[in-house]
Amino acid sequence: MAAGFKTVEPLEYYRRFLKENCRPDGRELGEFRTTTVNIGSISTADGSALVKLGNTTVICGIKAEFAAPPTDAPDKGYVVPNVDLPPLCSSRFRSGPPGEEAQVASQFIADVIENSQIIQKEDLCISPGKLSWVLYCDIICLDYDGNILDACTFALLAALKNVQLPEVTINEETGLAEVNLKKKSYLNIRTHPVATSFAVFDDTLLIVDPTGEEEHLATGTLTVVMDEEGKLCCLHKPGGSGLTGAKLQDCMSRAVTRHKEVKKLMDEVIKSMKPK
Amino acid sequence: VEGAMQADAKIRTESATESGPRGPSCSLRHFACEQNLLSRPDGSASFLQGDTSVLAGVYGPAEVKVSKEIFNKATLEVILRPKIGLPGVAEKSRERLIRNTCEAVVLGTLHPRTSITVVLQVVSDAGSLLACCLNAACMALVDAGVPMRALFCGVTCALNADGTLVLDPTAKQEKEARAVLTLALDSVERKLLMSTTKGLYSDAELQQCLAAAQAASQHVFRFYRESLQRRYSKS
């Protein structure tokens, strides 16, 4: 009978739960789903990570290639993110050129990388004006159940921590690059941005980590990206119901606690990895 | 053409807030707005902020494709065309921001199974582009007579490395700033409808920007009201 009610009046069904300060899957309003992360699973990529946030599954693979540095910044490399939402992850996506959701997510990840200065692009330069690294970060969603931005940011961060670049020297006589695959070093990750997403219900209630259904019923969404010093890298609120300054303050404090949880999880996983 | 009333309201607005320990200098650039300048769209507006200029046209409520129709609401669509080049991923992201902001204020339930299209063309970009787009979209929606529960406006704040706040920055100020925040506020309760930010900043600075934006939005809404009053008082 509950299933029937849910199909006919999904919003009312949800409101019944929200009145009791909980959600249909049993979570509190401020509780995240179980987060699991698996680092280094793709052997053909230079760095990879798989993140599961409840049912939402996102995998990030990073490949490093050579490129000539940009002419207006000869001592910098490139970081090129791309978020792909294939028809596999949800019935709402069709095959073909990237839809709006994928483009918005790609732009969001590019903004996070740019704003948080997660890696210095100067670190990616091998020889100024001649050769630099370009990191192609491909983030693919395998299962779409809401809160894609949080999962993508976490997957990107974990994969970047896993990337090992070989040492490259430029041979003076031939001018060609010589790659020493035996000597690899990790990237210098300067900050750890962590995203926390909220959904706004009925213009007043804020819930954390919305599932796919909750996102559909929500009247607005908000994503806060914070780094470890409590500085905000990105406050992404694409329209939706209005929020007061006080509500924003609550979101910030939740984002701070989430950052600690995620950082602890990631450090544990990296420590537990056996060196290659 | 009959009915092509042009309201040219040029108001220089200056809002000087009391200088706190950082002494913010808050002054918005020269505004100008023209409505009903295009003949084909149902509503159109051109919004100028300093040297930044955006032209907006609204078609709707009009017929909608069956694949896009929503049974109980109007389908809102926003198209943003840059000044040069083809629209890319950044434009798609901005279109989503503007569309969601409009969806929050437009009373879509009054026109189910219809489409409302907002087309924005960047005429010149000298800083604070997204805010100018939002203002132009709002004025064009008003000109088209689309029912809305509130008006909205866009305000851009730039935070410099020393912590000073500059409202409505020019392109040069945006480049030199440590962080640039674009906020959309509604006219009824001055709540935050949309925000998109660039750069690093702290929580306290966010609250400061929000307060400054709320103060600045007063001027923008007063400008909207005066320009509309001027337009309708002539007829």
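Just so you know, these numbers come straight off a predicted model, no measurement behind them.

Student: How should the overall build of chain B be read in this particular structure?
Tutor: A count of helical and extended segments in chain B gives four helices and ten strands. Walking chain B from its N terminus toward its C terminus, one meets helices and strands in the order β-β-β-β-α-β-α-β-β-α-β-β-β-α. Taking all 235 residues of chain B together, 54% fall into the buried category. Of the contacts formed within chain B by residues at least 6 apart in sequence, a portion of 66% connects residues at least 24 apart.

Student: Sorry if this is basic, but what is going on with the pattern of salt bridges here?
Tutor: Side chains carrying opposite charge are able to pair once their charged atoms draw close together. Residues and elements named next belong to chain A. Following the criterion strictly, the structure yields 25 salt bridges over all chains and no others. Salt-bridge contacts for E213 lead to K6; the nearest nitrogen and oxygen are separated by 3.1 Å. Here E213 is found in helix α5 (residues 212–217), whereas its partner K6 is found in helix α1 (residues 2–8), with 207 residues between them in sequence. Note that D209 is salt-bridged to R33, the shortest N-O span being 3.1 Å. With a gap of 176 residues between them, D209 in the loop between β10 (205–208) and α5 and R33 in the loop between α2 (10–19) and β1 (35–39) connect regions that are remote in the sequence. Of the two residues, D209 and R33, neither departs from the other in class, the shared state being buried. Through salt bridges with shared partners, a single network forms among R23, D25, R27, R33, D145, D209 and E214.

Student: In this structure, what is going on with the sheet that holds strand β5 (residues 115–124) of chain B? I would like to understand it.
Tutor: Picture the strands of a sheet paired through backbone hydrogen bonds; they go either parallel or antiparallel. Residue and element names in this part refer to chain B. Reading across the sheet, the five strands line up as β1-β2-β3-β5-β4 and stay open at both edges, with mixed pairing between neighbours. At either margin of the open sheet sits one strand with a lone partner, and together these are β1 (31–35) and β4 (75–81). Recorded for the sheet is a direction-independent mean angle of 15° between the axes of neighbouring strands. Here β1 pairs with strand β2 (residues 43–49) via five bridges, running antiparallel.

Student: Is there a simple way to think about the confidence of the model for chain B in this case?
Tutor: Do not read the fine detail of predicted coordinates wherever pLDDT is low. Residue and element names in this part refer to chain B. Summary statistics for chain B give a mean pLDDT of 86 and a share of 89% for residues scoring 70 or more. Confidence drops under a pLDDT of 50 for residues 1–26, and excluding neighbours within four residues, the segment shows 52 contacts in the predicted structure. In the model output, the complex is listed with pTM 0.88 alongside ipTM 0.86.

Student: What is the right way to look at the pairing of β1(A) in this model?
Tutor: Residues and elements named next belong to chain A. Alternating residues of β1 divide into T35, V37 and I39, all buried, and T36 and N38, none buried. Pairing of β1 with strand β2 (residues 47–53) involves five bridges; the strand directions are antiparallel. Paired with N38 across the strands is L50, a residue of β2.

Student: Can you walk me through the UniProt feature "domain: Exoribonuclease phosphorolytic" (unreviewed entry) in chain A in this structure?
Tutor: Residue and element names in this part refer to chain A. The UniProt entry lists residues 31–166 and 193–256 under the feature "domain: Exoribonuclease phosphorolytic" (unreviewed entry), expressed in the numbering used here. The straight-line gap between the two end C-alpha atoms of residues 31–166 is 41 Å; of that span, 24% is helix and 37% is strand. For residues 193–256, the helix share is 28%, the strand share is 39%, and the end-to-end C-alpha distance is 11 Å.

Student: For this particular structure, what's the right way to read the packing of aromatic side chains?
Tutor: Any two aromatic rings considered together are summarised by their centre-to-centre distance and by the angle between their planes. Tallying each qualifying case throughout the model produces ten aromatic pairs over all chains. Taking the centre distance of 6.0 Å and the plane angle of 85° together, the rings of F47(B) and F223(B) count as edge-to-face. With a gap of 176 residues between them, F47(B) in strand β2 and F223(B) in helix α4 (residues 203–233) connect regions that are remote in the sequence. For the residue pair F47(B) and F223(B), the accessibility class agrees, reading buried in each case. Aromatic ring contacts, followed pair by pair, group F31(B), F47(B), F221(B), F223(B) and Y224(B) into a single cluster. The ring of F32(A) carries the charged tip of R258(A) above its face, separated from the ring centre by 3.6 Å.

Student: How should the side chain of R190(B) be read in this particular structure?
Tutor: Residue and element names in this part refer to chain B. By the secondary structure assignment, R190 is in the loop between β8 (179–186) and β9 (192–199). For the buried R190, no salt bridge is present, and the opposite-charge side chain at shortest range is D186, 6.5 Å distant. Looking at R190, its side chain comes within polar contact range of the side chain of Q218, at 2.9 Å. Residues within four places of R190 in sequence aside, it is in contact with L185, Q214, S217, Q218 and F221.

What counts and how
Residues numbered from 1 in each chain as written. Chains lettered and ligands numbered in written order. Predicted model: local features only at pLDDT ≥ 70, side-chain atom pairs only at ≥ 80, totals over all residues. Heavy atoms only, no water. Helix = DSSP H or I, 4+ residues; strand = E, 2+ residues; numbered from the N terminus. Buried < 20%, exposed > 50% of the residue type's maximum accessible area, 1.4 Å probe, protein only. Contact = heavy atoms within 4.5 Å. Salt bridge = Lys/Arg side-chain N within 4 Å of Asp/Glu carboxyl O. Pairing = 2+ DSSP bridges. Axes fitted to C-alpha atoms, helices over the stretch in contact; angles between N-to-C directions. pLDDT = per-residue confidence, 0-100. UniProt positions renumbered as here; feature names shortened; annotations may be inferred. Phe/Tyr/Trp six-rings, centres within 6.5 Å; stacked < 30°, edge-to-face > 60°. Lys NZ or Arg CZ within 6 Å of the ring centre and 35° of its normal. Lys, Arg positive; Asp, Glu negative; His and termini not counted. Polar contact = N/O pair within 3.5 Å; in protein donor to acceptor, adjacent residues only side chain to side chain.

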